[in-house]
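Residues per chain are reported as follows:
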Amino acid sequence: SEHAGAAWQKRDVTHFIAGAWVEAESGRWYPNHSPWSGEVLGNVAAGDGEDTRRAIDAAQAAFPGWAAVTPAQRQRVFLRAADIIERRRDEILLALALETGCGIHFGRVQVDFAAALLRQAAAQGYQPAGQLMPSDVPGTRAMAVRRPVGVVAAIAPWNSSLVLAGRASIGPLSLGNTVVLKPSEESPYTGGALWAEILQEAGLPDGAFNVVTHAPGEAGAIGDAMLAHRHVRRLNFTGSTPTGRRLAEKAGSHLKRTVLQLSGQNPLIVLADADLDYAVDAATYGAFIHQGQVCMCARRIYVERPLADRFMAAFAAKVAQLPTGDPRDPATVVGPVINEWALALLQRRVDEAVSMGARVLAGGTPAPPCYPATVLTDVPDDAELALGETFGPVVLVEAVDSAEEAVARANESDLGLAASIITGNTYLGLELAQRLDAGSVHVNDQPVNDEPHMPFGGVKDSGWGRFGLGFAAEEFSDLQWITSREQ
Ligand code: ADP
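A quick note: this is a predicted structure, and the numbers were derived from the prediction, not measured. (Residues numbered from 1 in each chain as written. Predicted model: local features only at pLDDT ≥ 70, side-chain atom pairs only at ≥ 80, totals over all residues.)

### Thoughts on the UniProt feature "domain: Aldehyde dehydrogenase" (unreviewed entry) in the protein
- Mapped onto the present numbering, the UniProt feature "domain: Aldehyde dehydrogenase" (unreviewed entry) falls at residues 21-482.
- Between the C-alpha atoms that bound residues 21-482 the distance is 41 Å, and the span itself is 42% helix and 21% strand. (UniProt positions renumbered as here; feature names shortened; annotations may be inferred. Helix = DSSP H or I, 4+ residues; strand = E, 2+ residues; numbered from the N terminus.)

### Side note on the sheet that holds strand β13 (residues 298-304)
- Pairing within the open sheet is mixed, and its seven strands lie in the order β14-β15-β16-β13-β12-β18-β19. One side of each edge strand has no neighbouring strand; the edge strands of this open sheet are β14 (359-362) and β19 (440-443). On average, each strand axis in the sheet is tilted by 25° relative to the strand beside it, whichever way the strands run.
- Sheet topology note: the β13/strand β16 (residues 394-400) ladder contains five bridges and is parallel. Counterpart to Ile301 in the pairing with β16 is Val397.
- Of the strands in this sheet, β12 (266-270), β13, β14, β15 (374-377) and β16 touch helix α10 (residues 305-320), which is tilted by about 140° from β13. (Pairing = 2+ DSSP bridges. Axes fitted to C-alpha atoms, helices over the stretch in contact; angles between N-to-C directions. Contact = placed C-beta atoms within 7 Å.)

### Considering the environment of Ala142
- Its place among the elements puts Ala142 in strand β6 (residues 141-148).
- Since 16 C-beta atoms lie within 10 Å of it, Ala142 is described here as partly exposed.
- Through-space distance from the C-alpha of Ala142 to that of Ala123 is 27 Å; in sequence the pair is 19 residues apart.
- If near-sequence neighbours (up to four positions away) are discounted, Ala142 is found in contact with Met133, Ser135, Trp481 and Thr483. (Buried ≥ 20, exposed ≤ 12 C-beta atoms within 10 Å, placed from the backbone.)

### Observations concerning the pairing of strand β4 (residues 40-45)
- Two strands pair when backbone bridges link them, and strand β3 (residues 29-33) and β4 are joined in this way by five bridges, in the antiparallel orientation. In the strand pairing of β4, Pro31 is matched with Asn43.
- With antiparallel pairing between neighbouring strands as the criterion, β3 and β4 make up a hairpin whose turn holds six residues, including Gly38 at a positive phi of roughly 80°.

### Observations regarding the packing of helix α2 (residues 71-87) against helix α4 (residues 104-124)
- The interhelical angle for the contact between α2 and α4, taken along N-to-C directions, is 165°, at an axis separation of 8 Å. Judged by the angle between their axes, α2 and α4 are roughly antiparallel. In this structure, α2 crosses over α4, and the sense of that crossing is left-handed. Mapping the contact onto sequence places Gln75, Phe78, Leu79, Ala81, Ala82, Ile85 and Glu86 in α2 and Val111, Ala114, Ala115, Leu118, Arg119, Ala121 and Ala122 in α4. (Parallel < 35°, antiparallel > 145°, perpendicular 65-115°, else oblique. Left-handed = near helix turned anticlockwise from the far one by under 90°.)

### Quick word on the site of the ligand
- Around the ligand sit 16 residues in total, of which Pro157, Ala219, Gly223, Gly239 and Thr243 are the nearest.
- Put simply, the parts of the chain that give the shell around the ligand at least two residues each are α7 (219-228) and α8 (241-253). (Near = placed C-beta within 6 Å.)

### So, α8
- Taking 1.5 Å per residue as the helical rise, α8 with its 13 residues ought to reach 18 Å, and the 19 Å between its terminal C-alpha atoms agrees with that figure.
- Taken together, the buried positions of α8 are Thr241, Gly244, Leu247 and Ala251. Buried residues of α8 fall within an arc of 125° about the axis and therefore sit on the same side. Among the exposed residues of α8, those oriented more than 90 degrees off its buried face are Glu249 and Ser253. (Expected span 1.5 Å × (residues − 1). Arc of directions from axis to C-beta.)

### Side note on the sheet that holds strand β5 (residues 130-133)
- Sheet architecture is open: three strands sit in the order β5-β6-β22, paired in antiparallel fashion. The strands lining the two open edges of the sheet, one partner per strand, are β5 and β22 (477-484). Each strand axis lies, on average, 20° off the axis of its neighbour in the sheet, ignoring direction.
- One ladder, built from eight bridges, connects β6 with β22; its direction is antiparallel. Within β22, the position partnered with Pro148 by the bridge is Ser477.

### Observations regarding the packing of helix α3 (residues 89-100) against helix α6 (residues 189-201)
- Orientation of α3 relative to α6, taken along the N-to-C sense of each, is 145°, at an axis distance of 11 Å. Residues Ile92, Ala95, Leu96, Glu99 and Thr100 of α3 pack against Tyr189, Thr190 and Leu194 of α6.
- Residues that form the contact of α3 with α6 fall into these classes: five nonpolar, two polar and one charged. (Nonpolar A, V, L, I, M, F, W, Y, C, P; charged D, E, K, R; others polar.)

### Some remarks on unusual backbone geometry
- The omega torsion across Pro368 and Pro369 is 0°, close enough to zero to call that bond cis.
- Looking at where Pro369 falls in the secondary structure, it is placed in the loop between β14 and β15.
- In this structure, Gln291 is a non-glycine residue whose phi angle is positive, near 60°.
- If you trace the backbone, Gln291 turns up in the loop between α9 (276-288) and β13.

Take a look at the structure:
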């Protein structure tokens, strides 16, 4: 195939501050290893709080200029960036595969999403920016006007590196803010430097978008410097619930508003009247896209009892056949997991569940650097796999007596990101959707859905705030009340 075995041109990644590529002030670097090939893709600047403060100062200096740019000028930057991403598609697919183990299918999903995000951001400048308000004070004109907030600090994960770094940055930029992005140590290129290359070529003014990278285990110093800096107005975080909780605690003491997109433990409900093949296809895609490393992936499947045995047999048979291996091969469905730590965690949690009485219906034996698509049933409620999010290609399937029981079990979780329902009765599906504690629910679809303009986000411990360009205005601009009268 065109991608399998394609070679990587080694490249180093530095910070991107005020439109310039700069090394860490400390002079330190770390090697960026591919989770698939193990090769060093390049060395990465190991930044710290000092580098972060420099980037924030640059973003603050660029803010008045970018906020004053006309909608037409801003639109041109985003439209050019969308074209650049599409022009570079093949090269980006290879980078995603080697840096994060992302397969060709999900790589295409990411590139398409990023281009759509930019094209929608291009229209943002023409959205209404306020309202006229009636006043009881005679002769007074009153209005509510949306203004950009200033510097937005963004922290993004590796798992959909291109999409999530884009979503963390492009919405805030489209509203006239400037951004300092901290990518994950696992994706400094596709989740950071690549966006800087694209936005710079598209003509974004220097300093409007900045990237600070860091060595593994040193994210805390960057996050702390962001929260402590007096010019940071928002922290826009996408990652796990434990990290989000820690950052929100610190943000509180600094009076910084946060947007938190956190973990999911997403249910997929299959009712007895579902079409079996349709349900199996939805479950397979929803549980195993990108090796189960998407925050909306199905983690728990509840099947109404009349269909349960047939569903489990058909699902297990399909899952056992999923092509596993080289993410550069378009035929691969299950590529490598992100690192050895993740592989060991999956194995430990599956082994624990089995020791507590769970049965393995498919998978269950690691094939480093891959973990195979794995289906378990009879997992006790107090097993780690049942309690919270385990990031990887493992899904639990349990029989339930009714749709009522499925909804009750789905809502037992403290997490509430995404959910889906497969049923022949779409009306019932819509009724049940409104009773699920989830930021998004998909009837007769799998849970991994996203579009740049939708109100994406979580409830309960899955976080707060909504992405989606119109909705992001609530998060990344402030309403100002202005009155005027004649003197
Ligand atoms: P994931 O399991 O998706 O990697 P994490 O919450 O660990 O979830 O990571 C998401 C992002 O948060 C990454 O960019 C990571 O580097 C960053 N991160 C992790 N710990 C901290 C911290 N203490 N302060 C700031 N950022 C952090």
